[in-house]
Amino acid sequence: GAVGAAAAEGGGRGKEIPRMEVKEENEEKGWKWVKAEVERSPQGTMEIRQRVYSLLSKTNLGKGRPVIPPDTRPSLWMAMTGAERLKREHATGYYGILLEEALKDSHRRDLSHLTISKDVHRTLPKVEELHSPKAIQSMHNILFAYALRNPETVGYCQSMNLLCAVILINLNYDEENTFWVLSSVVERHVGYYSRSMCGLKVDQNVVSDLVAYFEPRLSDHMLTLGVTCDTFTVPWLLCLFVEQPIPLDQVIHIWDHMFVRGEAMLFSVVLAILRVKKKDIMESTQYEDLMQLFLRGLSDGLTADMILDEID
């Protein structure tokens, strides 16, 4: 669709994979093939990526879009994000060694440790399983280790706790593999998590330009009320849309598509959300009302299918 194509052109960091013919096939059989192939080739192949793209692009009239089966998602995310490849580029036991160092008393007073400890306990409070002692410890471990892995350029940025939580849940609480998916997303896909936030600032400008070009009336209305795209793109992009504004149970399907299509899809998603919620935005006539909508109200009734239908 126009939104997807425009965003691919607008984004400078990555291109979406070429549009491929969506073949008619039995969905259950297709996912079984994907799961078996990922077991054979854990680092992923272009053929696997194309098959997943084809399966996700099928239209089931009245049934909603296909989704990646939960038992296939952990290995597929490892493959599609490049996490398995990144893991194999390091010595066996790298994560354990890094974690052992990160947990030493000498690092306990690091600012990143103090911030992580606060953030972990307030991450996705409605997800009870995430707040078991084991899950809390896993999140601490992953984020402590990552802060030590990349201390100068990234360290720990607020919002990484949300990424870590979503990955941990969907990788069935596999601590080490969550560390590698988080590392891959932060270092090789979404270049926002640096002390300068340079990548984020660039992409905020891209979003503003895309909205002004493709939705000039919407853009003018927001600017008239004093609301710029920068107001909402910081939490949207940094948290990869987790709960702001896409509900947790829906955002994982957006991530599935993003990991398969490429990170240029971030722009497509922003535009699509604004188009889906255009009526609500245009009906807001005061700055306070519009800000409240962006901060709290856009997630109401918002589904992955609505967003993906707008993109495709």
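Thresholds, definitions, all that
Every chain is numbered on its own, with residues counted from 1 as its sequence reads. Where totals are concerned, whole chains, interfaces and linings use all residues; where local detail is concerned, this predicted model gives features only for residues with pLDDT of at least 70, and gives and counts side-chain atom pairs only at 80 or more. Where side-chain values are given, they derive from all heavy atoms of the structure, hydrogens and water being excluded. A helix here means a DSSP run of H or I that spans at least four residues, while a strand means a run of E at least two residues long, and both kinds are numbered starting from the N terminus. For the radius of gyration, the atom set is restricted to C-alpha positions; the globular benchmark scales as 2.2 Å times the number of residues to the power 0.38. Burial status follows relative accessibility: with a 1.4 Å probe on protein chains alone, a residue under 20% of its type maximum counts as buried, one over 50% as exposed, and anything between as partly exposed. In what follows, a contact means two residues having at least one pair of non-hydrogen atoms within 4.5 Å. Shrake-Rupley sampling with a 1.4 Å probe provides the accessible areas, and residues are treated as covered by the protein chains on show and by no other component. Per residue, pLDDT captures the predictor's confidence, and it can take any value from 0 to 100. As used here, the term nonpolar core means buried Ala, Val, Leu, Ile, Met, Phe, Trp, Tyr and Cys residues forming a set that is joined through side-chain atoms within 4.5 Å. Here the axes come from fitting lines to C-alpha atoms, over the contacting stretch only for helices, and the angles between their N-to-C directions go from 0 to 180 degrees. Just so you know how the angles are binned, under 35 degrees is roughly parallel, over 145 roughly antiparallel, 65 to 115 roughly perpendicular, and the rest oblique. Handedness of a helix crossing follows the sense of rotation of the near helix relative to the far helix, less than a right angle counterclockwise being left-handed and clockwise being right-handed. Given a helix with a known number of residues, its expected span is that number minus one, times 1.5 Å. Each cavity reported here is a set of points on a 1 Å grid over the protein atoms alone in which a 1.4 Å probe fits but cannot get out, each pocket an open set with protein on both sides within 12 Å along at least five of seven lines, and each lining residue one with an atom within 4 Å of a point. Grid points are joined across faces, edges and corners, and a volume is the space filled by probe spheres set on the points. In this classification, the charged set is Asp, Glu, Lys and Arg, the nonpolar set is Ala, Val, Leu, Ile, Met, Phe, Trp, Tyr, Cys and Pro, and all remaining amino acids, among them Gly, are polar. Under the pairing criterion, centres of Phe, Tyr and Trp rings, with the six-membered ring standing for Trp, must be within 6.5 Å; the plane angle then separates stacked pairs below 30 degrees from edge-to-face pairs above 60, leaving the rest tilted.

**Q** Even after reading the chapter, I still don't get the overall build of the protein chain, so can you show me in this structure?
**A** Along the protein chain, the regular secondary structure elements total 18 helices and 0 strands. Relative to the 2.2 N^0.38 estimate, which gives 20 Å for 312 residues, the radius of gyration of the protein chain is 20 Å and therefore close to what a compact globule would have. When each of the 312 residues of the protein chain is scored for burial, the buried share is 55%. A separation threshold of at least 6 residues defines the contact pool for the protein chain, and within that pool the share at least 24 residues apart is 76%. Looking at the protein chain as shown, the accessible area adds up to about 14,500 Å², and 52% of this sits on carbon and sulfur atoms.

**Q** Help me understand the confidence of the model for the protein chain in this model?
**A** Fine structural detail should not be taken from predicted coordinates in areas where pLDDT scores are low. Mean pLDDT for the protein chain: 89, with 91% of residues reaching 70 or above. Helix α1 (residues 2-10) is the least confidently modelled element of the protein chain, averaging 50 in pLDDT, while helix α4 (residues 73-80) averages 97, the highest of any element. Segment residues 8-12 is flagged for pLDDT under 50; beyond a separation of four residues in sequence, or across chains, it makes 8 contacts in the model.

**Q** How should the nonpolar core be read in this particular structure?
**A** A general feature of soluble globular proteins is that nonpolar side chains tend to end up buried together. By size, the foremost hydrophobic cluster in this structure holds 102 residues, and its most contacted members are L124, Y193, F241, W255 and F294. Apart from residues no more than four positions distant in its own chain, Y193 is found in contact with T153, V154, C157, S159, M160, L163, V186, L237, L238 and L240.

**Q** Would you mind showing me how to read the packing of helix α8 (residues 133-149) against helix α10 (residues 175-189) here?
**A** Axis angle and axis distance: for two packed helices, these are the angle between their axes and the distance between the axes, and together they describe the pair. Between α8 and α10, whose axes approach to 10 Å, the crossing angle comes to 45 degrees. One finds that α8 runs oblique with respect to α10. Note on packing geometry: the crossing formed by α8 with α10 is right-handed. From α8, S138, N141, I142, L143, A145, Y146 and R149 reach across to α10, where they touch E175, T178, F179, W180, L182, S183, V186 and E187.

**Q** Is there a simple way to explain the side chain of E84 in this structure?
**A** With respect to the helices, strands and loops of the structure, E84 is situated in helix α5 (residues 83-88). On the accessibility criterion, E84 (13% relative accessible area) is buried. In this structure, E84 is in contact with P42, Q43 and M78, ignoring residues within four places of it in sequence.

**Q** I tried to follow helix α15 (residues 265-276) on my own but got confused; where do I start?
**A** Along an α-helix, residues three or four apart share an orientation, since each turn contains 3.6 residues. If you check α15, its first and last C-alpha atoms are 16 Å apart, about what 12 residues at 1.5 Å a residue would give, namely 16 Å. Taken residue by residue, α15 has M265, L266, F267, S268, V269, V270, L271, A272, I273 and L274 as its buried positions.

**Q** Help me understand the environment of L271, please; the structure alone is not making it clear to me.
**A** For L271, the position within the fold is in helix α15. The sequence separation of L271 and L210 amounts to 61 residues, and the corresponding C-alpha distance is 7.8 Å.

**Q** Explain the layout of surface pockets here, please?
**A** Over the atoms rolls a probe the size of a water molecule, and its path tells where empty space is left. The space that makes up the largest pocket amounts to roughly 420 Å³. R122, N161, L162, C239 and Q244 are, among the 20 residues lining the largest pocket, the residues nearest its centre. When contributions to the lining of the largest pocket are tallied by element, the ones reaching two or more residues are α9 (160-170) and α13 (229-238). The residue inventory of the lining of the largest pocket, partitioned by class, reads 11 nonpolar, 6 polar and 3 charged. Looking at the second largest pocket, its volume works out to about 200 Å³. S112, A147, G155, Y156 and R195 are the residues nearest the centre of the second largest pocket, which is lined by 15 residues in total.

**Q** Just checking my understanding: could you explain the side chain of H113 for this structure?
**A** With respect to the helices and strands, H113 occurs in helix α7 (residues 111-121). Beyond its immediate sequence surroundings of up to four residues, H113 is in contact with A102, H107, R108 and F144.

**Q** It is not clear to me how unusual backbone geometry should be interpreted in this structure. Could you clarify?
**A** Generally, phi is negative for residues other than glycine and the peptide bonds are trans, each holding for most cases. At the junction of Q244 and P245, the peptide bond is cis and its omega measures out at 5 degrees in the coordinates. Here P245 lies in the loop between α13 and α14 (248-261). Although it is not a glycine, L124 adopts a positive phi angle of roughly 40 degrees. As for its placement among the helices and strands, L124 is situated in the loop between α7 and α8. Accessibility expressed as a relative area gives 4% for L124, which makes it buried.

**Q** Is there a simple way to explain the packing of aromatic side chains in this structure?
**A** The way to describe two aromatic rings as a pair is by their centre distance and the angle between their planes. A full pass over the atoms with the stated rule returns 12 aromatic pairs. Taking 5.2 Å as the distance between ring centres and 85 degrees as the angle between the ring planes, the aromatic pair formed by W77 and F259 counts as edge-to-face. A residue pair is termed long-range when its members are at least 10 positions apart, and W77 in helix α4 and F259 in helix α14 qualify at 182 residues. Given a relative accessible area of 1%, W77 falls into the buried group. Relative accessible area serves as the criterion here: at 5%, F259 is assigned to the buried category. Geometrically, the ring pair formed by F179 and W180 is edge-to-face, given 5.0 Å between the ring centres and 80 degrees between the ring planes. Comparing F179 with W180 shows no difference in burial state: the two are buried.

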